[in-house]
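Residues per chain, in single letters:
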Protein chains: 2
Amino acid sequence: MVNLLNMRSTTSGGSSNRGPVPPEDLTTRARIRDTAIRLFGRAGFGVGVRAIATEAGVSPALVVHHFGSKDGLREECDRYVLRVVREAKSAAVETEESGAHLLSMLAMVGDYEPTAAYIIRSLAVGGDLANQFFDQMARDAEEYLAAGVEAGIIPPSRNPAARARFLTLTGVGMLLLETNLRGPDADIGEVFRDFAAWSTLPSLEVYTEGLFANRTFLDSYLAAFPVEGDQPATGDGDDQGNGAG
Amino acid sequence: MVNLLNMRSTTSGGSSNRGPVPPEDLTTRARIRDTAIRLFGRAGFGVGVRAIATEAGVSPALVVHHFGSKDGLREECDRYVLRVVREAKSAAVETEESGAHLLSMLAMVGDYEPTAAYIIRSLAVGGDLANQFFDQMARDAEEYLAAGVEAGIIPPSRNPAARARFLTLTGVGMLLLETNLRGPDADIGEVFRDFAAWSTLPSLEVYTEGLFANRTFLDSYLAAFPVEGDQPATGDGDDQGNGAG
DNA sequence: CAGCAGGTTAACCATGTGTTCAGCCTCGGC
DNA sequence: GCCGAGGCTGAACACATGGTTAACCTGCTG
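Since the structure is predicted, the reported quantities are computational estimates derived from the model, not experimental observations.

Thresholds applied
Residues numbered from 1 in each chain as written. Chains lettered and ligands numbered in written order. Predicted model: local features only at pLDDT ≥ 70, side-chain atom pairs only at ≥ 80, totals over all residues. Heavy atoms only, no water. Core = buried A, V, L, I, M, F, W, Y, C linked by side-chain atoms within 4.5 Å. Buried < 20%, exposed > 50% of the residue type's maximum accessible area, 1.4 Å probe, protein only. Contact = heavy atoms within 4.5 Å. Near = heavy atom within 4 Å. Polar contact = N/O pair within 3.5 Å; in protein donor to acceptor, adjacent residues only side chain to side chain. Helix = DSSP H or I, 4+ residues; strand = E, 2+ residues; numbered from the N terminus. Nonpolar A, V, L, I, M, F, W, Y, C, P; charged D, E, K, R; others polar. pLDDT = per-residue confidence, 0-100. Least-squares fit on C-alpha atoms with pLDDT ≥ 70 in both. Axes fitted to C-alpha atoms, helices over the stretch in contact; angles between N-to-C directions. Parallel < 35°, antiparallel > 145°, perpendicular 65-115°, else oblique. Buried area = accessible area lost by both parts, 1.4 Å probe. Salt bridge = Lys/Arg side-chain N within 4 Å of Asp/Glu carboxyl O. 1 Å grid on protein atoms, 1.4 Å probe; cavity = no way out; pocket = protein on both sides within 12 Å on 5 of 7 lines; lining within 4 Å. Points joined across faces, edges and corners; volume = space filled by probe spheres on them. Phe/Tyr/Trp six-rings, centres within 6.5 Å; stacked < 30°, edge-to-face > 60°. Lys NZ or Arg CZ within 6 Å of the ring centre and 35° of its normal.

Q: Hey, could you go over the nonpolar core for me, with residue numbers and the actual values?
A: Counting residues in each nonpolar core, the largest one holds 128 residues, and the members touching the most others are F40 and L73 of chain A. Setting aside residues up to four positions removed in sequence, F40 of chain A forms contacts with F45, V47, I52, K70, L73, C77, Y118 and R121 of chain A.

Q: Tell me what's going on with the protein's contact with DNA strand C, and back it up with residues and numbers.
A: Looking at DNA strand C, there are 15 residues lining it, with S59 and H65 of chain A together with V49, R50 and K70 of chain B nearest. Close to the protein, within 4 Å, the atoms of DNA strand C belong to sugar or phosphate groups at a rate of 45%. A distance of 3.1 Å is found between a phosphate oxygen of DNA strand C and a side-chain nitrogen or oxygen belonging to T28 of chain A. A distance of 2.8 Å separates a phosphate oxygen of DNA strand C from a polar atom in the backbone of V49 of chain B. Looking at the surface near DNA strand C element by element, the count peaks at 4 residues for helix α3 (residues 60-67) of chain A. Across the surface near DNA strand C, the residue classes break down as 7 nonpolar, 6 polar and 2 charged.

Q: Can you break down the confidence of the model for chain A residue by residue, with the values?
A: Residue and element names in this part refer to chain A. Taken residue by residue, chain A gives an average pLDDT of 81. The fraction at 70 or more is 76%. This model gives residues 1-17 a pLDDT under 50, and the stretch forms 36 contacts once residues within four places in sequence are excluded. Here residues 234-245 is modelled with pLDDT under 50, and outside its nearest four sequence neighbours on either side it reaches 9 contacts, counting other chains as well. For this predicted complex, the interface confidence reaches an ipTM of 0.83, while the overall pTM sits at 0.83.

Q: Quick one: what's the story with the relation of the copies chain B and chain A, residue by residue and with numbers?
A: With an axial shift of 0.0 Å and an RMSD of 0.1 Å, the rotation relating chain B to chain A amounts to 180 degrees. What the superposition gives is, in effect, a two-fold axis relating one chain to the other.

Q: Got a sec to walk through the packing of helix α1 (residues 28-43) of chain B against helix α3 (residues 60-67) of chain B? Specific residues and values, please.
A: All names here are of chain B. In the contact formed by α1 and α3, the axes pass within 10 Å of each other and the chain directions differ by 105 degrees. Accordingly, the angle class assigned to the pair α1 and α3 is roughly perpendicular. Facing α1, whose interface residues are T28, R29, I32 and R33, α3 presents L62, V63, H66 and F67.

Q: A description of the interface of chain B and chain A should follow, citing residues and the corresponding values.
A: Each side of the interface is counted separately: chain B has 60 residues, and chain A has 60 residues. Each partner contributes to the roughly 5700 Å² buried at the junction of chain B and chain A, and carbon and sulfur atoms together form 70% of this total. A salt bridge links R158 of chain A to E209 of chain B; the nearest nitrogen and oxygen atoms lie 2.9 Å apart. Where chain B touches chain A, the interface holds 22 residue pairs in polar contact (both at pLDDT 80 or more). Secondary-structure elements contributing two or more residues to the side of chain B that touches chain A are α6 (113-125), α7 (128-151), α8 (160-181), α9 (188-209) and α10 (216-224) of chain B. If you tally residues by element for the side of chain B that touches chain A, the top one is α8 of chain B, at 15 residues. Tallied by class, the residues present in the side of chain B that touches chain A amount to 38 nonpolar, 15 polar and 7 charged.

Q: An account of the layout of surface pockets is needed here, citing residue identities and associated values.
A: The calculated volume of the largest pocket comes to roughly 1200 Å³. Forming the walls of the largest pocket are 47 residues, and the residues nearest its centre are R121, A124 and V125 of chain A together with A124 and V125 of chain B. Of all the secondary structure elements, the ones that give two or more residues to the lining of the largest pocket are α1 (28-43), α6 (113-125) and α8 (160-181) of chain A together with α1, α6 and α8 of chain B. A breakdown of the residues in the lining of the largest pocket according to their chemical character gives 20 nonpolar, 15 polar and 12 charged.

Q: Summarise the packing of aromatic side chains; cite the residues concerned and give the values.
A: Under the defined criterion, the tally for this structure stands at 16 aromatic pairs over all chains. Relative to F225 of chain A, the ring of Y221 of chain A lies with its centre 5.1 Å away and its plane at 40 degrees, an arrangement referred to as tilted. A relative accessible area of 14% places Y221 of chain A in the buried class. In textbook terms, an aromatic cluster arises when at least three aromatic residues are bridged by ring pairs, as seen for F166, F212 and F217 of chain A together with Y207 of chain B. Note that R33 of chain A overlies the ring of Y80 of chain A, its terminal NZ or CZ placed 3.8 Å from the centroid. Directly above the ring of F45 of chain A sits R74 of chain A, whose terminal nitrogen or CZ lies 3.7 Å from the centroid.

Q: Help me get a handle on the environment of A117 of chain B, residues and values and all.
A: Residues and elements named next belong to chain B. Mapping A117 onto the fold places it in helix α6. For A117 and L218, which are 101 residues apart along the polypeptide, the C-alpha to C-alpha distance reads 38 Å. Among all residues touching A117, those that are not within four sequence positions of it are G41 and I188.

Structure representation (structure tokens):
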């Protein structure tokens, strides 16, 4: 929910063919990979090699022939998904200049549904792809937040890196949990749309009006654990941005 | 992170023997159940009946003899975990009068580590227990928030139920994601403690200073999608609390 | 044409899974 | 003593899994 409402006309607009890959005429290897991503995303990483092979119209032996093992296939899927995300993101940056963050992802989910489902499943089980994906999002969030602070629409933080990580963990985590709670059969796109619909108001409320009416909690914490950069609420700090981990 | 810092001396204090069950001398059936909870929590629900049986010092056939099947064992574990949580919660309510919420859970994790791990694993895979547990937390959060609003330390919401659900989803989701990202071998207690350490400052910042410096985002949303209860920011509303789902 | 490399497959293997079966052993009631 | 009920077990079964092997087929190069 970072930079919410910061996008331009996401819900409407052409959901034409901007998916990750051209639809057909793929090499068999690519077709196996894509069906694996689709199946992994739909049913989790417990799906068998046979199921993937059948769905791809191919023999089970062929998938291990191409990818060495099921783990090899999994790794290739990870690499490919990460590549798709990176390309989609840079494309989005080109078109809308550091636009929406999580919410634009939500909107793009219609086109990248298998990819999104795969990422969710990956986040639900941990591992390398999950960490890389999350770190990337956290770094991006830190940049967006810094830009917002620069523009004066976001108050500065005593620890920008920690705030970025916190907000990313929050946003991605709630998406993950909501998806899990909906059960394994619900399709990601619908879950995300419903979620965006009901969660927008409370998130805007909390992020603009806050949750604590006074500063006692924060102040008492700061009294107990002082922070080097001093209080940024007054706004007279010299150099802000003590990026820590 | 609801009602943060609202507890009394959680970090210190006696972590004596207030675990869910007396340590030994359990019936074999109970011992199998406990071992299953521990193993499910540690390694996920993929662990085999044989592993559980071995760990419990019993034959694989006995566990199915007692519980009918692996699913039966799983259901019994769910029921028991839910019962333990309910009892622990009512005990906590008795002792500290609607005290901390998520943070107290974090502090109690030392005593209930297997239970907590089981719940996390359950949330990561969805299902009945996950939904019941989450709904219960969301309801509790709504009560706590209402109490805070009543006391004047929390600003009112245009949709208290949605805000409670949003915050619960946020808090539990980030815990879930953080645990997943740490990998399957990290022990829950350490993960939770680390998490509480670094996330307290940013969460306090965001929840007291907000994330948006001005009201434009919220106001433009309210202009586009008006809410019945009108603006609670002015504070002159007649009857607040239009609980919706 | 031969020959070869690579995509592709059916059959098979080893392993691990949940579950069943027949029977053991022990304890309490008659 | 007997006998049955129930906790309990070792061995096995049926099944699904990931992976291997030998061969097939196709298309290309010489």
